[in-house]
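Structure assessment
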Amino acid sequence: MNALFKALNDPTRRQILDLLREGDLTAGDIADRFDMTKPSISHHLDLLKQAGLVEATKEGQFIRYTLNTTVLDELLGWLIGFKSTPNK
């Protein structure tokens with residue numbers, strides 16, 4: 001869960017997740033939308049992948065990234081569990 005919170009803590013990574021909500025993108029497509037180096041975007045994508053927030057599929061020489069909402073569903077379920085737990 002620490003990797004998840006670390007990944008969500010950065011505004012660039014949250015922007016990448018917002019882009020992927022609209023559909024799958026290659027690493028190059030994602031990099032083109034930011035004013036930073038491709039290695040920096042690659043680092044952000046790697047952290048998102050480690051957190052399970054995105055999945056990467058190699059297609060020839062490209063890597064296509066897909067949003068993985070399963071991890072977010074689990075996080076929301078965990079957070080909602082706090083609300084439904086009676087106070088002691």
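See the structure above.
Small disclaimer: the values here were computed from a predicted structure and weren't measured. (Residues numbered from 1 in each chain as written. Predicted model: local features only at pLDDT ≥ 70, side-chain atom pairs only at ≥ 80, totals over all residues. Heavy atoms only, no water.)

1. Observations concerning the overall build of the chain
Scanning the chain from terminus to terminus reveals five helices and three strands. Listing every helix and strand of the chain by position from the N terminus yields α-α-β-α-α-β-β-α. Residues classed as buried in the chain amount to 32% of the 88 residues present. Across the chain, contacts joining residues at least 24 apart in sequence account for 51% of those joining residues at least 6 apart. In the form shown here, the chain has an accessible surface area of approximately 6100 Å², with 52% of it arising from carbon and sulfur atoms. Treating the 11 positive side-chain charges of the chain as one cloud and the 12 negative ones as another, the clouds have centres 6 Å apart. (Helix = DSSP H or I, 4+ residues; strand = E, 2+ residues; numbered from the N terminus. Buried < 20%, exposed > 50% of the residue type's maximum accessible area, 1.4 Å probe, protein only. Contact = heavy atoms within 4.5 Å. Areas by Shrake-Rupley, 256 points an atom, 1.4 Å probe, with all protein chains shown as cover. Lys, Arg positive; Asp, Glu negative; His and termini not counted. Charge placed at Lys NZ, Arg CZ, Asp CG, Glu CD.)

2. Comments concerning the environment of Ile80
Note that Ile80 resides in helix α5 (residues 69–84). As for Ile80 and Leu67, which are separated by 13 residues in sequence, their C-alpha atoms are 22 Å apart.

3. Some remarks on the nonpolar core
Ile16, Leu20, Ile30, Leu48 and Leu53 are the most contacted members of the largest nonpolar core, which totals 20 residues. Elements with a minimum of two residues in this core: α1 (2–8), α2 (11–21), α3 (27–32), α4 (38–50), β3 (62–67) and α5. Per-element accounting of this core gives the leading share, four residues, to α2. The contacts of Leu20, once residues within four sequence positions are left out, are Leu25, Ile30, Val54, Tyr65 and Leu67. (Core = buried A, V, L, I, M, F, W, Y, C linked by side-chain atoms within 4.5 Å.)

4. Digging into the pattern of salt bridges
Counted by the stated rule, this structure contains two salt bridges. Two residues, Asp18 and Arg21, come together in a salt bridge whose shortest N-O distance is 3.6 Å. With Asp18 and Arg21 both in helix α2 and three residues apart, the pair spans about one turn of that helix. By relative accessible area, which is 41% here, Asp18 ends up partly exposed. Arg64 is the salt-bridge partner of Glu59, the closest N and O atoms lying 3.1 Å from each other. (Salt bridge = Lys/Arg side-chain N within 4 Å of Asp/Glu carboxyl O.)

5. A few points about the environment of Leu20
Position of Leu20 relative to the elements: it lies in helix α2. On the accessibility criterion, Leu20 (4% relative accessible area) is buried. Sequence separation of Leu20 and Gly52 is 32 residues, and the distance between their C-alpha atoms is 14 Å.

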